[in-house]
Each structure stands twice: as C-alpha cells, then as structure tokens.
Amino acid sequence: MAKQFERIEPLHREFIEKQRIFFNASAAAEGHVNVSPRDGAALRVLTANTVVYLDRTGSGNETAAHLLANGRLTLMFCAFEGPPLILRLYGQGRIVPRHSSEYADLLASEFGGVEPPGARQMVWLDVDLVQTSCGFGVPLFDYAGERDQLTRWAEAKGEKGLEEYWHLKNERSIDGFPTGLFEEPTSA
C-alpha cells in the first residue's frame, strides 16, 4: 500500500499545505529518539525536494542536536480529516541559525518578514524520499483552533528571558549532545 517518490509531487504539496500539524522525528546514533509535533503553518515547501519550518522555543532542542550528530530527519503528515493518507518526507536536515543572513532571507521571502514570539531557528530538510501510505488507522478529528499559550509565554519571557531559557534548556539534548544554538552562524 505504501508508495515511494523521489520528490514532492504537486498533490503531495497540496496535501502538506493543508495540514495543521505535522511531526518530526530525529535520532543520533545513540540515545533517545525524538518525535515532536509542529505547527503546520510554520512549514514551507520551497522546491520539490526542499522544505523548511520555523522552529519556536520548546522544552528541549533535540532536533538540532540530532541534526548536528548525523542530519537524519523525517517529517510525517497525517490526514485527520478528509480522505485517509499518511505522507512522510525523509532526508538530511540542518539548522538555519536565527541570526544568520540565510534565516533573514527565508523569513523575508517565505514568512512575510514576520517572526513569531519565541522563534529559535529554522529547520531545513533536503528531501531524498517521499512515501505515502493509506492512513486507514488514523482517526478523524475536528479542528477546534490554535493554542496561544506558547506565544503568550514567549512574549512574557521577552528576548532576554528567552535567551536565558535557551541556555538552561536548549543548549544540550536530553542525552547531553550539543545543539549548536549559540554557535556563530556561518554562511550557507
């Protein structure tokens, strides 16, 4: 039932852009596997083999640590309404540091120059495999709305408070791997 593709086809892109949530999965060679939910509105399909999402502050920064370790990243999208479908994007990812020129360019071109409170970095994925599967086991859910707690929390922290939080909670993974959050950006 699963089908594989070398690129994001137009129908895949249409499906991805309709999703309100997606999940990212990453792992280093050792330690814990990370799976995290992400806001679908933060993701942009740049080309048939490239996506990027604007990553906001979280309780950890596992994805960044795993991308530094080996670059492997999978994004998964599930149809919670409409026809059943699961779509996975497999590939090599990297972090686009917040204070880099690449980040500024992507923010301007893909996000209308608007940086949400708590923006931490962007996650770039070079897609080498797209896989779809039936999604028959995914339940139907009704969308009730967005949560605003993360935005309110980040606004209350302010830039200085966020930086302190990043030093405390986002500089290393739960397995002790560095996330590179405070490394100086290099040109892409």
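Residues numbered from 1 in each chain as written. Predicted model: local features only at pLDDT ≥ 70, side-chain atom pairs only at ≥ 80, totals over all residues. Heavy atoms only, no water.

**Q** Report on the packing of aromatic side chains, specifying residues and quantitative values.
**A** Counting across every chain of the model gives 4 aromatic pairs. Here Phe22 and Tyr53 contribute two aromatic rings whose centre-to-centre distance is 5.3 Å and whose plane-to-plane angle is 75 degrees, an arrangement assigned as edge-to-face. Linking Phe22 in strand S2 (residues 21-27) with Tyr53 in strand S5 (residues 50-56), this pair joins segments that are 31 residues apart in sequence. Pair check on accessibility: Phe22 and Tyr53 agree, each one buried. Taken together, the ring pairs in this structure connect Phe22, Tyr53 and Phe77 into an aromatic cluster. Its end group placed over the ring of Tyr143, Arg20 keeps NZ or CZ at 3.8 Å from the ring centre. Positioned over the ring face of Trp124 is Arg94, at 4.6 Å from the centre of the ring. (Phe/Tyr/Trp six-rings, centres within 6.5 Å; stacked < 30°, edge-to-face > 60°. Helix = DSSP H or I, 4+ residues; strand = E, 2+ residues; numbered from the N terminus. Buried < 20%, exposed > 50% of the residue type's maximum accessible area, 1.4 Å probe, protein only. Lys NZ or Arg CZ within 6 Å of the ring centre and 35° of its normal.)

**Q** Before we move on, can you summarise the pairing of S2 with the specific residues and values?
**A** One ladder, built from 7 bridges, connects S2 with strand S3 (residues 33-39); its direction is antiparallel. Each residue of the ladder has a partner; that of Asn24, found in S3, is Ser36. A loop of 5 residues connects S2 with S3, the two strands running antiparallel in sequence, and Gly31 in this loop sits at a positive phi of about 95 degrees. In this sheet, strand S6 (residues 72-78) lies alongside S2 in antiparallel orientation, the contact comprising 3 bridges. In the strand pairing of S6, Phe23 is matched with Met76. (Pairing = 2+ DSSP bridges.)

**Q** Give a description of the nonpolar core that names residues and reports values.
**A** Grouped together as the largest cluster of nonpolar side chains are 19 residues, with contacts concentrated most on Ile8, Ile16, Leu43, Val51, Leu75, Phe77 and Leu89. At 4 residues, strand S8 (residues 119-133) tops the list of elements feeding residues into this core. Excluding anything up to four places from it in sequence, Leu89 contacts Ile8, Ile16, Val51, Leu73, Thr74, Leu75, Phe77, Leu125, Val127, Leu129 and Val130. Of all hydrophobic cores here, the second largest spans 11 residues; its members include Val52, Leu54, Leu107 and Phe111. (Core = buried A, V, L, I, M, F, W, Y, C linked by side-chain atoms within 4.5 Å. Contact = heavy atoms within 4.5 Å.)

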